[in-house]
Every structure is written in structure tokens, then in C-alpha cells.
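Coordinate inspection notes
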Amino acid sequence: MILAGATVVTSLDPVRVSREDVHVVGGRIAATGGGTSRDCSGCLVVPGNVCAHTHLYSALARGMPYALAPPTNFTQILQRIWWRLDRALDEDSIRASALVGGMEALLSGTTTLVDHHASPNAIDGSLDVVADALGSLGIRAVLCYETSDRDGLDRARAGVAENRRFLNRVRSEELPLARGMVGAHASFTLSDDTLAACTEAAHDHGVGLHIHAAEDAADERDAMARDGLRVAARLDRAGALDERTLLAHGVHLDDEEIRLVHAAHSSIAHNARSNMNNSIGRARLHALGGRVSLGTDGIGSDMFEESRTAFFRLREDDGGAGGDWPLQRLAESAHLAGRAFGEPLLGVLQPGAPADLVVLDYAAPTPVHDQSFAGHWVFGLSARVVRDVMVAGQWVVVDRRLATVDQQQLAAEALGEAERLWQRLDEIGPHEFEPKGGR
Ligand SMILES: [Zn+2]
């Protein structure tokens, strides 16, 4: 395949813009070669976006009924919303959620999802359901199961087992587009034993732990109430912090915790819209530094919107923040995914890199070059201009439609599944799990 006539952004950090045709051979960018040509004149070709933290299981939650008293803090948001939804999930709704979330990701130009899955009443095999659904769409994904003690010891053990089972499958079958991590919910719903079991599983499989950390102050209060350690210190003591570990949010990490995270070279997934939506506080982005990637925490997978919102939120506090900040964060998201796939060139469009790319139908009204591209990203581009999407050399979106499955049928089936899910949800009360140290 040759993508002809486009302006090509070959790298986001540093920005590099060129005007050469893109050649794709054997799923990778190549210097020459490729067969069929696709006319991309007047278009921008950019690396596929990576969402570094999401929850596909919440894809059918949009607009769901809510009859309980409104939550007034983060713990109640979990107890009254997300820990009811996750218990209502069964295999069919897990599949429908993954298909809907994956479809919307691809249509918005996101080619890799780093997902954190929870379904306490359908744990065993759940990651296969997600992986197979995403595989049918042709999207790349790094999956894990959200191990937690909040639903009892049996489910905590089943969570660890599901992570191990899926990692064994990934190792033996060489799924081309799926990799695994070990998922854990958050310090405040993990006993020392369960945290140790998660860490051991991650070490055994040579993968990272993917865990919410210091998302809300309640996580810190809980850790302190357990044995006088803050969240990152507790994770560090458990051997859970290393260069493969992914911490979601990190909003309430203090200086000493950030020092521990930096010393371990762990990553932080920043989720700006989710943080705002849940009123949990502001991530200390300058202190967190360079290993910050961007996730949506389940608010879709549109990284144009997420990165732009994160940027404006940052600029509200710091007018000096550079316009290339969102691009640096997205490049870091790609590095994170690249580490999981053993593909250090994921996220750049240079010979040898996986051909994960997006064709944007964008009639630029001002020049596009190395110095101006960040301005186009923040003030001009959006998911609306996504025309075609390629993952590992396969077209998965062509002319704004999914290329691999019937998009209308997928949406229609999801609608029926959402109605059944919402009915089950209606019969599930607030979760009774409480963090130590108060909400
Ligand atoms: Zn999350």
C-alpha cells in the first residue's frame, strides 16, 4: 500500500513533518515498495493515537438511568455507579461494550487502547471476550483484569487468575494485536496479600502492573490508615513500582511519592476529563514530569478531545505551558504501548515502525510544518476529520466507516444489550465496600 500525496507527521515528539508518500509493506512503514496506491492528497497523515488508560466495560453506561441519591464524593461515585455497573456485566454485555468502545476509538483515530477491565460476576475468560471483540475490529490493545478485594477473596483470587490465564494465552498464541498487563484496582481495595499476588503475577510474566493510584484523597487516607504509608510507598514496599508499572491518575501523590515513582521509572496515565468530572483534584503535571501519558478513564477514546482538554486545563493554571505539551504526552502514550508490544517505534512513521496511522481530511488554512503543527493540533484538528485508519498495515476505517465489521449492525446489537444491562443494573444496590480512613 502507498498513501500518496499527503503531508505526513512522522513524529510527534519532536514534531517532524514531511511531504513524502507513505509506503506500507508487511504491516510496517517502509522506505519504498507497497502495491496499491490510495490518494491522500490534501490530507494529513499522523501516527495513530494511543489511549493509555480506559475502561471499555463502561461503554454502555452512556445515559444509563440513575435513581439513587446523587454521589457527593469519589467513593460514592464508585459505590453508586461503577461498582453497580461492573457487577451487572455478563459475557454478552462485556462483548458489546468492547465492540462499541473499540468502534468509537477507531472512528476517532485511536489505534491502541490500554484497557482496565472489571466484571466481578463474569471474571473467568472475560479478557478473551474483550480481546476477541477488539481483534474483530482490528484495533491494538493492552488488556488486564481489575483485581480487587472489594467483592471478596474468591473474586480477588479469580482476578489474579484471569490476568495470569490471559498472559499465558498471549504468550502461547502470539495474538498479533493484543498484549497483557496485570490489573489491580487501587491500593484502597487491595489487601497486602492480593497486592503481593498481583505483583508476583506481573513479575512472573515480565509485564507491568496497571493500577489506579492516588486518584482520590481517600486512597491516600486508606493507605495511611492501614500502616502509616502513603499509596506509592505502599506499592513500592510491595515491589509493585518498576519501569513497566502504569499508575492511573496520580493526582494526590506528594513530593516523596513522586520521587519514588520517578526512581522506579514508572508511568502515570493522566485523565484530565475524568479528574474534572469526578471533582477529585488536579494532577501536579509539572512535578509528575516526562513519563505522563494520556488516558480517558472510559470517557470514550477520542484523544484529540482528551489531549486538547488536558492542555487547556493545564494552561488555566500555567499560561507558560508549551503548545507541544499534548503532542509530547501522546508520544509518551505511544512509548508505553510500544513497551508492551516490544515495538519501540510504535507512534512514529518511519521505516520499520508498525503501520498504525490515521489519515485526516484536513484542508489546512495555514501552513503545516514542524513549528506550526502543535497549533493545528490544539486549535484545528479533531476526530471529525478522521477519514481512514490503519492498524498494523490493515485498513480498519475507510472513508469514515469501519472496514472490518458492519457498523450499523454492531450499534443495533449494542442498543439491545444496553437495555438488558440497564435492567440488571437497576436491581443492584450501592456497593457496601468502604475505604479505611474515611471517604
Ligand atoms: Zn480508571
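Structural notes, computed from the coordinates. (Residues numbered from 1 in each chain as written. Predicted model: local features only at pLDDT ≥ 70, side-chain atom pairs only at ≥ 80, totals over all residues. Heavy atoms only, no water.)

What to know about the coordination of the zinc ion
Worth spelling out the cut-off: Donor atoms (N, O, S) are those found within 2.8 Å of the metal centre, with the cutoff raised to 3.2 Å for Na, K and Ca; water is not part of the atom list, so apparent gaps in a site can occur. Put simply, DSSP marks the helices as runs of H or I at least four residues long and the strands as runs of E at least two long, and each gets a number from the N terminus on. Accessible area is worked out with a 1.4 Å probe on protein chains only. A residue is then buried under 20% of its type maximum, exposed over 50%, and partly exposed in between.
Within the protein, H53 (NE2), H55 (NE2), H212 (NE2) and D297 (OD) serve as the donor atoms for the zinc ion, at 1.9 to 2.1 Å. For the zinc ion, all donor residues lie on one chain, and their spacing in sequence is H-x1-H-x156-H-x84-D. Of this pair, H212 sits in strand β13 (residues 209–213) while D297 sits in the loop between β16 (292–294) and α11 (303–317), and the two are 85 residues apart along the sequence. The buried category is assigned to D297, whose relative accessible area is 13%.

Considerations on the pattern of salt bridges
For side chains of opposite charge, pairing can occur when their charged atoms come near one another. As a reminder, the rule being used: The salt bridge definition used is simple: a Lys or Arg side-chain nitrogen within 4 Å of an Asp or Glu carboxyl oxygen.
For the structure shown, the criterion picks out 37 salt bridges. Across the salt bridge formed by R150 and D86, the nearest N and O atoms sit 2.6 Å from each other. With a gap of 64 residues between them, R150 in the loop between β10 (140–143) and α4 (153–173) and D86 in helix α1 (residues 74–88) connect regions that are remote in the sequence. Each member of the pair R150 and D86 is classed as buried. Ionic pairing is found between R165 and D128, a salt bridge with its closest N-O pair at 2.9 Å.

Looking at the sheet that holds strand β1 (residues 2–4)
The line we're drawing: Here, any two strands with at least 2 DSSP bridges between them count as paired. The axes are straight lines fitted to the C-alpha atoms, using for helices just the contacting stretch, and the angles between their N-to-C directions are given from 0 to 180°.
The sheet built from 4 strands is open, its strands ordered β5-β4-β1-β6 with mixed pairing. Each end of this open sheet is capped by a strand with a single partner; those strands are β5 (28–30) and β6 (37–39). The sheet shows a mean angle of 30° between the axes of neighbouring strands, direction not considered. Across 3 bridges, the pairing between β1 and β6 is parallel.

Things to note about the packing of helix α2 (residues 91–107) against helix α14 (residues 407–426)
Counted only if it meets this: Here the angle decides the label: under 35 degrees means roughly parallel, over 145 means roughly antiparallel, 65 to 115 means roughly perpendicular, and every other value means oblique. Crossings are classed by handedness, with left-handed meaning an anticlockwise turn of the near helix from the far one by less than a right angle and right-handed meaning a clockwise turn. By definition, residues are in contact when any of their heavy atoms lie within 4.5 Å. Only Asp, Glu, Lys and Arg are considered charged, only Ala, Val, Leu, Ile, Met, Phe, Trp, Tyr, Cys and Pro nonpolar, and every remaining residue, Gly among them, polar.
One can describe the packing of α2 onto α14 by two numbers: an axis separation of 9 Å at closest approach and a directional angle of 135°. The pairing of α2 with α14 is recorded here as oblique in orientation. Both α2 and α14 take part in a crossing whose hand is left-handed. On α14, the residues that touch D92, S93, A96, L99, V100, M103 and L107 of α2 are Q407, L410, A414, E417, L421 and R424. Of the residues belonging to the contact of α2 with α14, the class tally is 8 nonpolar, 2 polar and 3 charged.

Description of the packing of aromatic side chains
Short version of the rule: Aromatic rings from Phe, Tyr and Trp, with only the six-membered ring used for Trp, were paired whenever their centres fell within 6.5 Å, and each pair was classed as stacked if the ring planes differed by under 30 degrees, edge-to-face if by over 60, and tilted otherwise.
Using the criterion set out here, one finds 7 aromatic pairs in the structure. With a centroid separation of 6.3 Å and 35° between ring planes, the pair formed by W83 and F188 is classed as tilted. Of the two residues, W83 is situated in helix α1 and F188 in the loop between β12 (182–186) and α5 (192–205); the sequence distance between them amounts to 105 residues. Classification of W83 as buried rests on a relative accessible area of 1%.

Re helix α6 (residues 217–227)
In an α-helix, one turn spans 3.6 residues, which is why side chains three or four residues apart end up on the same side. Rule in force here: Within 3.5 Å is the distance limit for a polar contact, defined as a pair of N or O atoms, with the added protein rule that one can donate a hydrogen and the other accept it, and that residues adjacent in sequence qualify only through two side-chain atoms.
Along α6, the positions that sit buried rather than exposed are A218, D219, E220, D222 and A223. Sitting at the head of α6, D216 places a side-chain oxygen 3.0 Å from the backbone nitrogen of A218.

Observations concerning the nonpolar core
Let me state the cut-off plainly: Only buried residues count toward a nonpolar core. Its members are Ala, Val, Leu, Ile, Met, Phe, Trp, Tyr and Cys residues joined through side-chain atoms within 4.5 Å.
Core analysis: the biggest nonpolar cluster contains 120 residues, and L106, L134, L235, L360, F373 and L381 have the highest contact counts within it. Among the elements that take part in this core, α2 stands out by supplying 8 residues, more than any other. With residues up to four places along the chain from it excluded, the contact list for L360 reads C43, L44, V46, F304, L381, V385, V386 and R387. In this structure, I29, A353, A355 and M390 belong to the second largest nonpolar core, which totals 17 residues.

Re the environment of M224
Here M224 is to be found in helix α6. For M224 and R234, which are 10 residues apart along the polypeptide, the C-alpha to C-alpha distance reads 9.1 Å. Each residue touching M224, except ones within four places of it in the same chain, is listed here: L229 and R230.

Remarks on the environment of L346
On the secondary structure map, L346 appears in the loop between α12 (325–341) and β17 (357–360). Residues L346 and P47 lie 299 residues apart in sequence; the distance between their C-alpha atoms is 8.5 Å. Apart from residues no more than four positions distant in its own chain, L346 is found in contact with T112, R140, A334, A337, G338, P354 and D356.

A closer look at the sheet that holds strand β2 (residues 7–12)
A sheet is described by the order of its strands in space; here 7 strands give the open sequence β3-β2-β7-β17-β18-β19-β20, paired in mixed fashion. Each edge of the open sheet is held by one strand with a lone partner, namely β3 (15–18) and β20 (401–402). Two strands pair when backbone bridges link them, and strand β18 (residues 386–391) and strand β19 (residues 394–398) are joined in this way by 3 bridges, in the antiparallel orientation. Across the sheet, residue V389 finds its bridge partner in β19, namely V397.

Section: the pairing of β17
Alternating positions in β17 separate into two faces, L357 and V359 on one and V358 and L360 on the other, with burial throughout. Note: strand β7 (residues 44–47) against β17, 4 bridges, orientation antiparallel. Counted as the bridge partner of V46 is V358 from β17. Strand direction decides the pairing type here: β17 and β18, joined by 4 bridges, are antiparallel. Looking at β18, one finds that V359 is bridged to D388.

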